[in-house]
Amino acid sequence: MIGLISATAAGAAARDRLAAAWPDRTRVYDGPVKDAVRSAFAECEQLVCFLATGAVVRLIAPLLGGKATDPGVVCVDEGGRFAVSLVGGHGGGANELAREVGELLAAQPVVTTATDSVGLPGLDTLGFPVEGSVATVSRALLDGEPVALRAELAWPLPPLPLAGEGAFAVRLTDRAVEPAADEVLLRPPSLVVGVGAAKGAPADEVLGLVGTALRDAGLSPRSIGELATVDAKSGEPGLVEAAARLGVPLVTYSAEELAAVQVPNPSDAPLAAVGTPSVAEAAALARGGELLVPKRKSQREDGRPAMATCAVVRRPARGRLAVVGLGPGARDLLTPRAKAELRRAAVLVGLDQYVDQIRDLLRPGTRILESGLGAEEERARTAVAEARAGHAVALIGSGDAGVYAMASPALAEASDDIDVIGVPGVTAALAAGAVLGAPLGHDHVSISLSDLHTPWEVIERRVRAAAEADIVVTFYNPRSRGRDWQLPKALAILAGHREPTTPVGVVRNASRPDESSRLTTLAALDPAWVDMMTVVTVGNTATRNVAGRMVTPRGYRWQESTQQESAQEEGK
C-alpha cells in the first residue's frame with residue numbers, strides 16, 4: 001500500500017489524482033502531517049509526500065530503521081514539477097515509484113541512486129535474493145573496475161558489464177556457500193522441492209524436512225523456486241502454510257501427470273492413496289531437471305510415523321525471449337512495456353536500423369546482435385538460440401512484432417524449452433489511420449502486396465475477397481522498385497466493387513519526422529506516390545471524406561441516411 005500525505009490545497013489536488021488513478025494501491029492520510037507521516041511509515045510499503053524534502057527528512061528521521069525495512073519515500077513539490085526518490089530507492093522501490101508518479105503527474109522523476117543514474121541495474125534489484133558486499137561490488141561496477149561473473153549454473157540475467165576475471169565478482173549459485181570478500185551471491189530460483197504429506201501434516205514438520213534435506217545436500221533455501229505436489233494435496237493446510245512461509249508458490253499436478261514421470265523410488269502407498277506411485281519425486285521432476293535429493297521422509301521425535309516426504313530437483317534454466325514491437329518510429333509511441341523489456345534484455349537481436357532507433361535505451365553491458373535487410377529468418381534463429389543458451393533476449397521489430405514482423409519466424413523456430421513474451425506495439429496501419437482520421441472505424445483487413453513469401457495468386461484471391469466483402473483494406477509493402485505492378489492490380493480489383501470517389505489515404509513514414517500524407521480517391525490515386533515506406537488505406541462503400549479526414553462509420557446507418565437524404569433532394 002502507498003500512503004499519500006499532503007499539507008496544502010495544491011498538494012491535495014495532486015494527491016487526489018494519484019488516489020483516483022491507483023484506488024487499490026493507495027491510502028490517503030489526513031490530519032496533522034506529523035501524525036500522518038508516522039502512521040503511514042508504520043503501515044505502508046511506500047509513501048508519497050506532497051511536501052518539501054527538508055520537511056519530510058525531519059519528519060522521517062526518527063523513524064528510519066534500515067534500508068532493508070524502511071518503506072520507499074517519494075517527495076513531490078508543491079508545483080508538481082519533480083518526484084524525488086528520497087529513501088528506499090531500491091529496497092523500498094522508491095526509484096521506480098518516482099518514475100511512475102512522474103509519468104502520471106507529468107513531473108520529472110529525480111533519482112540519485114548511483115547505479116540508476118548511469119543506467120546500471122542495482123544488484124539488489126535483479127529479482128534474486130542477494131548476499132555479500134553489494135555496495136562494494138556496485139561501486140566497482142560504477143568505477144569501471146573489472147567484475148567477474150562466476151555462474152555455477154545458467155540463468156537469464158539482465159545486462160551487467162561483467163568480465164571473465166576480476167578482483168570483484170558476482171557469483172550465481174544455489175549452493176549453501178558464504179560470499180567471499182568483495183563478492184556478491186545471487187540466488188536464482190533454481191530448486192524445485194517436491195513434497196508429499198499425510199492428512200494433517202504440520203507445516204513445521206514439512207519445513208523441518210525441507211531444511212534438513214537442503215542442508216545435507218549443501219543447497220541454499222533461498223534458491224527454492226516452488227514447492228510441488230499432487231492436486232489432491234493442493235489444500236492441505238500444512239503444505240499451504242509451508243509454501244507461504246518460504247515465500248514460494250505451491251504448484252500442483254494431477255495424479256495422471258505424476259504417474260507418467262519416471263522416478264527412482266516409486267511406492268505403493270501413494271498409488272493407493274492418491275493414484276500415483278510417486279508424489280515428492282514425480283512432482284519435483286515434472287518439468288525435468290536433475291534430481292539432487294531423492295525421496296526422503298521426515299523424522300519425528302515422538303517416534304510416530306513420518307507425515308511428510310520431499311525430494312529436491314535443480315530445474316533446467318529457461319531462457320527468456322521477449323519479442324518486442326517498437327511501434328511505427330516515434331519515440332512517444334514506444335510503449336512503457338517495450339522500454340522495460342529493452343532494459344531487461346542482456347542480448348538484443350534486430351535489424352540494424354531498428355537497433356539505431358533504441359540504442360540509447362539499452363543498459364550498459366547489453367550484447368547487440370544486428371544485421372541488415374533480408375536476414376529475418378537468421379535473426380529469428382539467432383534470438384531463439386541465445387534464449388536456449390539461458391540468456392534474457394529481446395528480438396525487436398517495427399510496429400507490432402506480430403504483424404508482418406519478427407514474432408512469426410521466431411515462434412515458428414521456438415519450442416517449449418524457453419519462455420516467450422510478446423510485447424505489442426502500435427502498427428503502421430494504426431499510425432497511418434490516426435494521421436488520416438478514422439478510416440478503420442468498421443471491419444478492416446491488412447494485406448501485404450509483397451509476393452516474396454506469398455504467391456501472387458493467393459494475394460489476389462485475398463484482395464478480391466476483401467473487395468467483395470466491402471471491407472476497408474490497408475496495404476502493406478505496396479510498391480517497390482522491383483514490384484511496381486501489384487498495387488495497380490490490387491486497386492483495379494477494388495475498383496470493380498467500389499465507386500471511383502471512394503476515399504483512399506496514402507501515408508508515408510507515419511509518426512516519423514519526415515511523415516507525409518494525402519487523402520485522395522480510388523480513381524485519382526497515382527501509384528508513383530507510393531513506396532515501401534508507405535501504407536495505403538482504401539475505404540469501403542461507407543467511407544467518407546469529412547472536413548478533409550477519412551472516416552468510416554461504425555455501421556451502415558450513416559450510409560443509409562445519406563442515401564435517403566440524397567433521394568429526398570432529388571425528389572424536390
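The rules we used
Residues numbered from 1 in each chain as written. Predicted model: local features only at pLDDT ≥ 70, side-chain atom pairs only at ≥ 80, totals over all residues. Heavy atoms only, no water. Phe/Tyr/Trp six-rings, centres within 6.5 Å; stacked < 30°, edge-to-face > 60°. Helix = DSSP H or I, 4+ residues; strand = E, 2+ residues; numbered from the N terminus. Buried < 20%, exposed > 50% of the residue type's maximum accessible area, 1.4 Å probe, protein only. Core = buried A, V, L, I, M, F, W, Y, C linked by side-chain atoms within 4.5 Å. Contact = heavy atoms within 4.5 Å. Arc of directions from axis to C-beta. Salt bridge = Lys/Arg side-chain N within 4 Å of Asp/Glu carboxyl O. Pairing = 2+ DSSP bridges. Axes fitted to C-alpha atoms, helices over the stretch in contact; angles between N-to-C directions.

A. Main features of the packing of aromatic side chains. With the rule as written, the count across this model stands at 2 aromatic pairs. Geometrically, the ring pair formed by Tyr404 and Tyr476 is tilted, given 4.8 Å between the ring centres and 50° between the ring planes. In this pair, Tyr404 sits in the loop between β19 (392–397) and α15 (407–413) while Tyr476 sits in strand β23 (residues 472–476), placing the two residues 72 residues apart along the sequence. Overall, Tyr476 belongs to the buried group, its relative accessible area being 10%. Plain terms: the ring middles of Trp456 and Trp485 are 5.0 Å apart, the flat faces sit at 70° to each other, and that makes the pair edge-to-face.

B. Region of interest: the nonpolar core. Within the largest apolar cluster, 23 residues are counted, with the highest numbers of intra-cluster contacts made by Val193, Val195, Val206, Val210, Leu214, Leu227 and Val312. Contributions of two or more residues to this core are made by β11 (191–197), α7 (203–217), β12 (224–230), α8 (237–246) and β15 (308–314). Per element, the largest residue contribution to this core is 6 residues, and it comes from α7. When sequence neighbours within four positions are dropped, the list of residues in contact with Val312 reads Leu191, Val192, Val193, Leu214, Leu219, Glu290, Leu291, Leu292 and Val293. Trp456, Ala490, Val504 and Leu525 belong to the second-largest nonpolar core, a separate cluster that totals 21 residues.

C. View of the side chain of Thr534. Here Thr534 shows up in strand β26 (residues 534–538). What makes Thr534 buried here is its relative accessible area of 2%. Beyond its immediate sequence surroundings of up to four residues, Thr534 is in contact with Phe475, Pro478, Val506, Val507, Arg508 and Trp529.

D. Inspection of helix α2 (residues 33–43) at higher detail. When α2 is considered as a whole, its buried residues turn out to be Ala36, Val37, Ala40 and Phe41. All buried residues of α2 fall inside an arc of 125° around its axis, so they share one side. Along α2, the residues that are exposed and aim more than 90 degrees away from the buried face are Lys34 and Ala42. Buried residues along α2 sit against β1 (2–6), β3 (46–50), α3 (53–60) and β4 (72–76).

E. Representation of the pattern of salt bridges within the structure. Counted under the stated rule, the structure contains 29 salt bridges. Ionic pairing is found between Asp30 and Arg15, a salt bridge with its closest N-O pair at 3.5 Å. Of this pair, Asp30 sits in the loop between β2 (26–28) and α2 while Arg15 sits in helix α1 (residues 9–21), placing them 15 residues apart in sequence. Here Arg320 makes a salt bridge to Glu341, at a shortest N to O gap of 2.7 Å. Separated by 21 residues along the polypeptide, Arg320 in strand β16 (residues 320–325) and Glu341 in helix α12 (residues 336–344) bring together distant segments of the chain. The exposure classification of Arg320 matches that of Glu341, with both residues buried.

F. Spatial organisation of helix α6 (residues 134–142). All of the buried residues along α6 are Val134, Val137, Ser138, Ala140 and Leu141. One face of α6 carries all of its buried residues, which in axial projection span an arc of 155°. Remark: Gly144 follows α6 within two positions and exhibits a positive phi of approximately 80°.

G. Quick look at the sheet that holds β3. The strand order β2-β1-β3-β4-β5-β6 describes an open sheet built from 6 strands, whose pairing is mixed. Only two strands of the sheet have a single partner each, and these edge strands are β2 and β6 (108–110). On average, each strand axis in the sheet is tilted by 25° relative to the strand beside it, whichever way the strands run. Pairing between β1 and β3: 5 bridges, direction parallel. Looking at β3, one finds that Gly3 is bridged to Leu47. Of the strands in this sheet, β1, β2 and β3 are in contact with α1, which crosses β1 at around 160°. Most of the contacts of α3 go to strand β5 (residues 82–87), to which it runs at about 25°, and overall it touches β3, β4 and β5.

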